[in-house]
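# Observations on chain architecture
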Amino acid sequence: MDIAELLELDRQHVWHPYTSVTSPLPVYPVVSAKGTRLRLADGRELIDGMSSWWCAIHGYNHPALNAAMAAQLEKMSHVMFGGITHEPAALLCRELVRLAPPGLDKVFVCDSGSVAVEVAIKMAVQYWHAMGRPRKKRFLAVRSGYHGDTLGAMSVCDPGTGMHTLFSGILPEQLFAPAPKAGFDAPFEEADTAPLAALMREHRDTLAALILEPVVQGAGGMRFYSPAWLSRARELARENGLLFIADEIATGFGRTGKMFACGHADVRPDILCLGKALTGGTMTLAAALATREVAEGICQGAPGVFMHGPTFMGNPLACAAALASIRLLEESPWEKRIHTMETRMREGLTPCAKLPWVADVRVLGGIGVVETRSPVNVAEIQRKFVERGVWVRPFGKLVYIMPPYIIEADDLDHLCAAMRGVVEELEQ
Ligand code: PMP
């Protein structure tokens, strides 16, 4: 198909994420991807700075992931999970339990990150119902958080960026504490968690759980906060009889420099949500892991089962990809790679901080962020990045990169140079 025809078809019929169908943003046709390169239909190659939204940690078209999926495809690509089990799911659940913070013994494997958050929310509600505390069904979340786009998940996203006014009346109403003030390295002050503590104390009889993204708030603002804050929040949840749900859909599998961001504070959630990099960016798959206490607790109450069961639950092809991705990750020097990436991005992006239109530059693990003072023109900035041979997709005031872990030093330097070049031109 020629490029013009493809773009016309796209314009006629295709809905893109967060995009108007009447005045759509430009889209770039990609025909293949390998390693850290996306190949455009016109033959240009771009260095990937996004890992396809946190997912493609090993780069694209990885032979080990392809081989695992091809082998599984020969056996079966899918089979229902009700009344049936299979090796890829059983092995994957064992691996997730092994890797996760201790105590998270029961795994619910579902289709996408948002669904994992819905599952976690429902688990918490059913748990308290089973414990004879049916009033405990609201959630405490943190401003600037992001947990997905389905209604339950949206209800715990930041009320402003999550468009709660637009959806008022159909979104469950939750409680929100201010976002942590202290940055990743900043000293923790008790006052920073005081509003969270006050909300918990006041509403403990109706709150089922505290939900938050440990250490890195992703799509709600790309903010990094103090592990000590996380640790205190977890403690407060326990003291006040709330379950603690850690949403590690974005942070999981090494991105922040620890296998899970909870590891920065040695925090153990009651429920852990995983997704995105779980399959190394090949297939959609997510999981909600629960402690034995939560899982068994749920099953002690009516109706005696957990009320969720998506059609593609435990999809064997996706589970096989996830198993291969975990193996690849563990066999790789990922901690060293993330550390190197962090050092190079810090060097490469910090010069942007001196520009008057840049509010902040921050780097943590494999995440590099340049925050501008006013929102960027996405179409224009994206064109400039493509002209410089890189794939970076900013949103709002956030121009950020989180490259595949396998990125070579030269490519990372090129990516950072493109960031500096494009950001420098912003105000001209
Ligand atoms: N939670 C977090 C922290 C996320 O970053 C995302 C996706 N950006 C989600 C949940 C939702 O995942 P999905 O897009 O796979 O539904």
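Keep in mind the model is a prediction, meaning the values are calculated, not measured. Along every chain, residues carry numbers that run from 1 in the direction the sequence is written. Per-residue local features of the predicted model are confined to residues with pLDDT of at least 70, and side-chain atom pairs are confined, for both listing and counting, to 80 or more; whole-chain, interface and lining totals are unaffected and use all residues. Derived side-chain values reflect all non-hydrogen atoms in the structure, with water molecules and hydrogen atoms excluded from consideration.

## Let's talk about the overall build of the chain
As a reminder, the rule being used: We count a stretch as a helix when DSSP gives it H or I for four or more residues in a row; a strand needs E for two or more, and each element gets its number in order from the N terminus. Only protein chains enter the area calculation, which uses a 1.4 Å probe; residues under 20% of their type maximum are buried, those over 50% are exposed, and those in between are partly exposed. Note on areas: Shrake-Rupley, 1.4 Å probe, and residue coverage restricted to the protein chains presented here.
Scanning the chain from terminus to terminus reveals 13 helices and 16 strands. A principal-axis box enclosing the C-alpha atoms of the chain has dimensions of 60 × 55 × 45 Å. Within the span of the chain, comprising 428 residues, buried residues form 53% of the whole. When the accessible surface of the chain is summed, it comes to about 18900 Å², and 55% of that surface belongs to carbon and sulfur atoms.

## Observations concerning the pairing of strand 13 (residues 358-364)
Definition in use: Paired strands are those between which DSSP finds at least two bridges.
Where burial is concerned, most of strand 13 is hidden: five out of the seven residues are buried. In terms of strand pairing, strand 13 meets strand 14 (residues 367-372) through six bridges, oriented antiparallel. Bridging from a neighbouring strand, Val363 pairs with Gly368 of strand 14. Joining the antiparallel neighbours strand 13 and strand 14 is a turn of two residues, in which Gly365 adopts a positive phi near 55°.

## What about the domain arrangement of the chain?
In plain terms, the rule: The split of the chain into domains comes from an automatic or database domain assignment. Whether two residues touch is decided by their heavy atoms; if any such pair falls within 4.5 Å, the residues are in contact. Accessible area, probed at 1.4 Å, shrinks when two parts are joined; the buried area is that loss added up over both. Here, a salt bridge means any side-chain nitrogen of Lys or Arg that lies within 4 Å of a carboxyl oxygen of Asp or Glu. Each polar contact in these results corresponds to two N or O atoms within 3.5 Å; when the atoms are within protein, one needs to be able to donate a hydrogen and the other to accept it, and residues that are neighboring in sequence are counted only if both atoms are side-chain atoms.
You can read the domains of the chain as domain 1 (3-58 + 333-424) and domain 2 (67-330). Computed from C-alpha atoms alone, the centre-to-centre distance between domain 1 and domain 2 is 27 Å. On the side of domain 2, 26 residues touch domain 1, which itself brings 26 residues to the contact. Across the domain 1 to domain 2 interface the summed buried area is about 2200 Å²; carbon plus sulfur atoms make up 68%. Its largest share of buried area at the contact with domain 2, domain 1 owes to Trp54, Trp334 and Leu364, together 36% of the area lost on that side. At the surface where domain 1 touches domain 2, the tally comes to zero salt bridges. At the junction of domain 1 and domain 2, the tally comes to 12 residue pairs in polar contact (both at pLDDT 80 or more).

## Quick notes on the packing of aromatic side chains
Cut-off, in case you're wondering: We call Phe, Tyr and Trp rings a pair once their centres come within 6.5 Å, taking the six-membered ring for Trp, and we label the pair stacked below 30 degrees between planes, edge-to-face above 60, and tilted otherwise.
For the coordinates displayed, the defined rule picks out six aromatic pairs. The interplanar angle of 70° and the centroid separation of 5.9 Å between the aromatic rings of Tyr28 and Trp391 together place this pair among those described as edge-to-face. Separated by 363 residues along the polypeptide, Tyr28 in the loop between helix 1 (3-13) and strand 1 (30-34) and Trp391 in strand 15 (residues 390-391) bring together distant segments of the chain. For the pair Tyr127 and Trp128, a centre-to-centre distance of 4.9 Å together with 75° between the ring planes defines the contact as edge-to-face. Accessibility expressed as a relative area gives 10% for Trp128, which makes it buried.

## Some thoughts on the nonpolar core
Considering soluble globular proteins, one finds that nonpolar side chains tend to be buried as a cluster. Which entries qualify depends on this criterion: What is meant by a nonpolar core is a set of buried Ala, Val, Leu, Ile, Met, Phe, Trp, Tyr and Cys residues, joined one to another through side-chain atoms within 4.5 Å.
Within the largest apolar cluster, 100 residues are counted, with the highest numbers of intra-cluster contacts made by Leu210 and Phe253. Top contributing element to this core by residue count: helix 13 (residues 409-425), with seven residues. No fewer than three residues from each of domain 1 (3-58 + 333-424) and domain 2 (67-330) sit in this core. With near-sequence residues (within four places) excluded, Leu210 lies in contact with Leu140, Leu196, Met200, Ala233, Ala237, Leu242, Leu243, Phe244 and Ile245. Among the nonpolar cores identified, the runner-up in size contains 32 residues, and Val115, Tyr127, Leu243 and Ile245 belong to it.

## Quick word on the side chain of Glu342
The residue Glu342 is located in helix 11 (residues 334-349) in this model. Accessibility expressed as a relative area gives 14% for Glu342, which makes it buried. Once you skip the residues sitting within four places of it in the chain, Glu342 turns out to touch Val363, Leu364 and Gly365.

## Observations regarding unusual backbone geometry
With omega at 0°, the peptide bond leading from Ala302 into Pro303 counts as cis. Position of Pro303 relative to the elements: it lies in the loop between helix 9 (292-300) and helix 10 (316-331). Although it is not a glycine, Ser52 adopts a positive phi angle of roughly 50°. On the basis of relative accessibility, which here comes to 41%, the residue Ser52 falls in the partly exposed class. In the Ramachandran plot, Met163 falls in the positive-phi region, its phi being about 55° despite a non-glycine side chain.

## Points about the site of the ligand
Stated precisely, the cut-off is as follows: Working definition: residue near molecule or strand if any one of its non-hydrogen atoms lies within 4 Å of it. Gly counts as polar in this scheme, as do all residues outside two lists: the nonpolar Ala, Val, Leu, Ile, Met, Phe, Trp, Tyr, Cys and Pro, and the charged Asp, Glu, Lys and Arg.
Close contacts around the ligand come from Ser112, Gly113, Ser114, Tyr146, His147, Gly148, Glu213, Asp247, Ile249, Ala250 and Lys276, and that covers them all. In the model, a nitrogen atom of the ligand is placed 2.7 Å from a nitrogen or oxygen of the Asp247 side chain. In the model, a nitrogen atom of the ligand is placed 3.0 Å from a nitrogen or oxygen of the Lys276 side chain. Looking at the shell around the ligand, its residues break down into three nonpolar, five polar and three charged.

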